[in-house]
Amino acid sequence: SELAQSFADHFQNQLSWSPKIVETATENSIQLIQDNTLAAEAYHLNISPEKIQIKAATEAGFFYGFQSLRQLMPTDFYGKTAKKTKEFILPIVQIQDKPAFGWRGFMLDVSRHFFTVAQVKEVLDKMAELKLNRFHWHLADDQGWRVEIKAYPKLTEVGAWRMDYNNTDERISDWWGRPTQKPGEEATYGGFYTQEEIKDIVAYAKERHIEVIPEIDMPGHAQATIAAYPELGCVNAAPYVATGGVFKNNTYNPGKEATYDFIDKMLNEVMDLFPYEYVHIGGDECNKEQWKIDPAAQAKMKAEGLKNEAELQSYFIKRVEKIINARNKKMIGWDEILEGGLAPNATVMSWRGEEGGITAAKAGHEVIMTPSKYCYIDLKQGHDDLEPNLGYSQLLLSTAYNYKVKPDSLNPEEAALIKGTQANLWTESISDWSKLTYMTYPRVFAIAENAWTEESVQDWNDFTERMFVYLDRLDAQNIRYAPSAFSPWIDHQGTKDGIEISMHTEVNDLDIYYTIDGSDPTEESMIYDGPFYLLESLTIKAQSYRGGKPIGRISTLNFPVHLAANVKATDEKGNPMDKLSDLSYGKLHISDPHWQKAKTEMTTILAFPDTITASKLTFNALRFTISGVYPPKLVDIWASKDGERYELVMSQETDERNLIQGRNKVPMTIDFQETELQYLKVRLTTHPILPEGHHRAEQAASMAIDELQVW
């Protein structure tokens with residue numbers, strides 16, 4: 001068969017020889033045996049000293065049997081540079097295997113950042129190795145339209161391109177707060193797939209037993225569409241492809257019949273390209289504020305007797321479903337399509353947690369469970385201060401692995417409607433292939449195992465042991481991946497006795513060696529065997545070891561111990577502000593509890609037990625654009641010896657560049673003349689108005705400050 005020949009060709013490419021593949025039993029061969037008693041995707045793999053047998057009922061079953069056989073090959077079999085060996089060792093083993101779920105997915109967002117045909121095919125190759133069988137292709141959003149539609153050429157002529165800001169802003173990790181395109185600016189960043197390229201990708205996926213599910217987001221997340229065809233939008237529709245964030249004026253107009261005519265023609269071209277059962281229409285995060293003031297939308301609500309804009313969204317979704325059902329296909333939407341009443345035949349993809357999926361299953365609808373807490377692999381996967389600055393929240397490998405796909409609250413009939421799960425890779429901060437693979441591996445291994453393997457036989461320690469083998473194969477292929485799960489976490493807690501330091505790794509049974517003198521750790525360094533205290537400012541470096549070999553990255557964090565450590569910190573009314581002097585430093589996330597937050601102004605008084613001499617104030621200010629959090633605009637410092645009479649020692653405006661978009665800690669240093677004092681009053685004032693182009697423009701910035709360090 002073509003499948004067997006493809007497998008043999010891989011041997012030829014890697015090892016310069018290929019095995020015999022036969023349909024009748026002979027010695028020293030790989031035998032393919034039809035067994036119609038097995039389930040559709042099940043297989044049996046039997047490796048003995050004499051032969052290898054794969055039994056299956058379908059070509060998909062044989063394909064997955066071959067994938068397991070490949071997984072048993074040595075690392076050399078996977079290398080980019082082939083080692084021309086004539087023999088290698090396989091284990092004698094019997095495997096009887098079948099998937100836990102029929103839907104085993106991977107979603108790639110190509111709207112926020114575009115990936116080439118070759119890169120999409122590489123994604124499909126890796127999906128096939130992991131027995132994933134649904135490629136959810138996010139092809140249209142606010143930031144780009146990626147599929148050629150012959151009836152509407154402006155979708156790609158206009159909608160596929162946006163500003164690239166000289167390849168600067170598009171390449172940095174943070175997404176929100178990026179300025180919008182201005183009139184006359186040329187949109188040059190983006191790309192799209194021709195219909196022939198899409199047909200090629202669909203055929204390539206089919207050879208690997210992967211169905212390709214297109215997603216065209218509507219009625220929200222449609223800014224690229226509206227930029228191409230403004231007549232489909234609502235009042236005040238922005239005429240440009242979005243450059244970041246979730247926009248206010250980015251929806252189709254549900255009140256115009258022209259909108260449904262467009263969707264009918266466009267979706268029918270899309271459905272012509274994707275010969276499978278499902279079409280995804282998004283349906284998430286629809287900003288309905290435009291609809292409240294749009295005459296056509298309000299007229300439609302009145303004509304149809306709709307009570308509110310949620311019911312108008314439901315009306316829109318149900319009309320779109322009829323277009324899809326007319327082609328004997330099924331509609332999938334994110335769980336927001338439940339709002340205002342669920343379309344009759346819709347499948348719900350639950351992302352905002354499990355609640356939407358549970359509600360849909362109890363109502364008799366098919367569900368794909370993909371909650372962001374467990375399945376969004378664009379989120380950070382380790383310690384916030386030790387990870388590359390990708391992702392605005394957190395999903396650890398262990399969290400992904402320990403996800404229970406079928407909620408306990410469902411009865412057996414309802415649980416049977418859970419079709420499966422998938423990994424979702426949104427690409428707001430994934431601007432290149434290296435970032436894509438870093439965020440994908442190894443978390444996709446965990447989600448693939450959840451999709452294929454029954455929960456009752458899953459085991460974290462066993463999984464991580466097998467994971468190391470697969471990571472060796474990625475190394476052989478020069479594929480970047482995240483070492484976060486086995487790199488040390490350096491945790492700390494400020495106390496009256498100094499800073500308590502503890503360390504751990506997510507993967508069990510690793511040794512941690514560390515230093516406090518700035519040198520890189522080795523096996524000759526101190527081994528971590530329990531918490532210890534820092535009494536002075538020091539830098540901790542830590543390295544994990546496995547089997548006597550270093551693994552993962554060196555973790556490095558600095559912990560200042562300063563003059564104001566553990567002194568009394570209050571506001572001007574005497575209310576405690578202990579977070580600013582407790583030696584517990586906030587991590588790079590807005591939800592970390594150690595940040596002291598304020599809306600417009602923050603005044604703190606540090607009361608020292610005795611007179612000190614000081615000449616410098618330092619602190620970290622959080623810049624977290626999605627939340628409108630920025631460093632202060634103005635820092636005023638007063639000193640006092642008695643707590644009654646204060647003298648201004650410094651008033652300093654901060655660098656205006658701090659107001660650019662970003663997601664990082666901004667270290668602030670304020671020098672002043674050496675002064676004797678017992679009380680220090682610090683007032684921080686925010687920027688009163690965020691600049692034009694920010695998604696919170698015309699609002700005041702807020703602040704998150706940590707540890708007022710006095711030196």
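A brief structural summary.

Conventions and cut-offs
- Residues numbered from 1 in each chain as written.
- Predicted model: local features only at pLDDT ≥ 70, side-chain atom pairs only at ≥ 80, totals over all residues.
- Heavy atoms only, no water.
- Helix = DSSP H or I, 4+ residues; strand = E, 2+ residues; numbered from the N terminus.
- Buried < 20%, exposed > 50% of the residue type's maximum accessible area, 1.4 Å probe, protein only.
- 1 Å grid on protein atoms, 1.4 Å probe; cavity = no way out; pocket = protein on both sides within 12 Å on 5 of 7 lines; lining within 4 Å.
- Points joined across faces, edges and corners; volume = space filled by probe spheres on them.
- Nonpolar A, V, L, I, M, F, W, Y, C, P; charged D, E, K, R; others polar.
- Pairing = 2+ DSSP bridges.
- Axes fitted to C-alpha atoms, helices over the stretch in contact; angles between N-to-C directions.
- Salt bridge = Lys/Arg side-chain N within 4 Å of Asp/Glu carboxyl O.
- Disulfide = S-S within 2.5 Å.
- Parallel < 35°, antiparallel > 145°, perpendicular 65-115°, else oblique.
- Left-handed = near helix turned anticlockwise from the far one by under 90°.
- Contact = heavy atoms within 4.5 Å.
- Polar contact = N/O pair within 3.5 Å; in protein donor to acceptor, adjacent residues only side chain to side chain.
- Patch = residues over 30% accessible without salt bridge, like charges linked within 9 Å, V, L, I, M, F, W, Y side chains within 5 Å.
- Areas by Shrake-Rupley, 256 points an atom, 1.4 Å probe, with all protein chains shown as cover.
- Lys, Arg positive; Asp, Glu negative; His and termini not counted.
- Charge placed at Lys NZ, Arg CZ, Asp CG, Glu CD.
- Phe/Tyr/Trp six-rings, centres within 6.5 Å; stacked < 30°, edge-to-face > 60°.
- Lys NZ or Arg CZ within 6 Å of the ring centre and 35° of its normal.

1. Describing the environment of K549
Point 1. Looking at the element boundaries, K549 is found in strand β23 (residues 549-559).
Point 2. For K549, a relative accessible area of 60% puts it in the exposed group.
Point 3. As a C-alpha pair, K549 and T522 span 27 residues in sequence and 9.5 Å in three-dimensional space.

2. Re empty space enclosed by the protein
Point 1. Tallied over the full model, the rule gives five cavities of 30 Å³ or more.
Point 2. Estimated volume of the largest cavity: approximately 110 Å³.
Point 3. Taken together, 14 residues form the lining of the largest cavity, with E122, V123, K126, T440 and Y441 sitting closest to its centre.
Point 4. For the lining of the largest cavity, the secondary structure elements donating two or more residues are α3 (117-129) and α16 (433-440).
Point 5. The residue inventory of the lining of the largest cavity, partitioned by class, reads ten nonpolar, two polar and two charged.

3. What about the sheet that holds strand β17 (residues 489-495)?
Point 1. Within the open sheet, the three strands sit side by side as β17-β18-β21. Their pairing is antiparallel. Only two strands of the sheet have a single partner each, and these edge strands are β17 and β21 (532-534). When the angles between neighbouring strand axes are averaged without regard to direction, this sheet yields 35°.
Point 2. Inspection of the sheet shows strand β18 (residues 498-504) paired to β21 by three bridges, in the antiparallel sense. Pairing of I499 across the sheet is with L534, part of β21.

4. Here's the deal with the pattern of salt bridges
Point 1. With the rule as written, the count across this model stands at 39 salt bridges.
Point 2. A salt bridge links K150 to E148; the nearest nitrogen and oxygen atoms lie 3.2 Å apart.
Point 3. Its salt-bridge partner being E339, residue R352 comes within 3.6 Å of it at the nearest N-O pair. Of the two residues, R352 is situated in the loop between β14 (347-350) and α12 (355-362) and E339 in the loop between β13 (330-334) and β14; the sequence distance between them amounts to 13 residues.
Point 4. Overall, R352 belongs to the partly exposed group, its relative accessible area being 46%.
Point 5. E339 sits in the partly exposed class, given a relative accessible area of 26%.

5. Focus on the state of the cysteines
Simply put, the disulfide is a covalent bond whose two ends are the sulfur atoms of two cysteines.
Point 1. Counted under the stated rule, the structure contains zero disulfides.
Point 2. Sulfur of C234: no disulfide; nearest cysteine sulfur belongs to C286 and is 8.5 Å away.

6. Here we look at the packing of helix α17 (residues 443-452) against helix α18 (residues 460-476)
Point 1. Packing of α17 against α18 brings their axes to within 11 Å, and their N-to-C directions diverge by 125°. Considered as vectors, α17 and α18 are oriented oblique to each other. α18 is crossed by α17, and the crossing has right-handed handedness. On the side of α17, the interface is formed by F445, A446 and E449, while α18 contributes F463, R466, M467, Y470, L471 and L474.
Point 2. Looking at the contact of α17 with α18 residue by residue, the classes come out as seven nonpolar, no polar and two charged.

7. Examining unusual backbone geometry
Point 1. Put simply, M218 and P219 share a cis peptide bond, and its omega is -5°.
Point 2. Here P219 is to be found in the loop between β11 (211-218) and α7 (223-228).
Point 3. In this structure, P442 follows Y441 across a cis peptide bond, with omega equal to 5°.
Point 4. One can find P442 in the loop between α16 and α17.
Point 5. Of note, the phi angle at E285 is positive, near 45°, even though the residue is not glycine.
Point 6. With respect to the helices and strands, the residue E285 is situated in the loop between β12 (278-282) and α9 (289-293).

8. Some points on the side chain of N424
Point 1. Following the sequence through the fold, N424 ends up in strand β16 (residues 418-425).
Point 2. A polar side-chain atom of N424 sits 2.8 Å from a polar atom in the side chain of Q422.
Point 3. Excluding its chain neighbours within four sequence positions, the residues that come into contact with N424 are M107, W334, T370, C375, Y376, I377 and D378.

9. Focus: the pairing of strand β22 (residues 538-546)
Point 1. Burial analysis of β22 places seven of its nine residues in the buried class, the great majority of the element.
Point 2. Of the pairings in the sheet, the one linking strand β19 (residues 511-515) to β22 comprises five bridges and is antiparallel in character. Counterpart to D511 in the pairing with β22 is Y545.
Point 3. Between β22 and β23, which pair antiparallel one after the other, the connecting turn spans two residues, and G547 there sits at a positive phi close to 60°.

10. Things to note about a negative patch on the surface
Point 1. A contiguous patch of negative charge, built from D509, D511, E523 and E524, is present on the exposed surface.
Point 2. Relative to the assigned elements, E523 resides in the loop between β19 and β20 (526-527).
Point 3. A relative accessible area of 39% means that E523 is categorised as partly exposed.

11. Quick notes on the pairing of strand β3 (residues 43-47)
Point 1. Burial of the side chains of β3 is restricted to one face: Y43, L45 and I47 are buried, whereas none of H44 and N46 on the reverse face is.
Point 2. Where β3 and strand β4 (residues 52-56) come together, five bridges link them in antiparallel fashion. Counted as the bridge partner of Y43 is A56 from β4.
Point 3. Taken together, β3 and the strand that follows it, β4, pair antiparallel across an intervening segment of four residues.

12. A closer look at the packing of aromatic side chains
Point 1. Scanning all chains against the criterion turns up 26 aromatic pairs.
Point 2. Residues F114 and Y193 carry aromatic rings whose centres are separated by 4.7 Å and whose planes lie at 40° to one another, so their mutual orientation is tilted. Linking F114 in the loop between β6 (103-109) and α3 with Y193 in the loop between β10 (189-190) and α6 (195-207), this pair joins segments that are 79 residues apart in sequence.
Point 3. Sitting above the plane of the Y260 ring, R319 keeps its charged end 3.9 Å from the centroid.

13. Brief notes about the sheet that holds β3
The pairing of strands in a sheet happens through backbone hydrogen bonds and is either parallel or antiparallel.
Point 1. The mixed open sheet is built from five strands, whose spatial order is β1-β2-β4-β3-β5. Among the strands making up the open sheet, the edge pair consists of β1 (21-22) and β5 (93-97).
Point 2. Looking at chain direction, β3 and β5 are connected through five bridges and run antiparallel. Across the sheet, the residue bridging to L45 is I95, located in β5.
Point 3. Contacts from helix α2 (residues 59-71) reach β1, β2 (30-34), β3 and β4, with the element oriented near 40° to β3.

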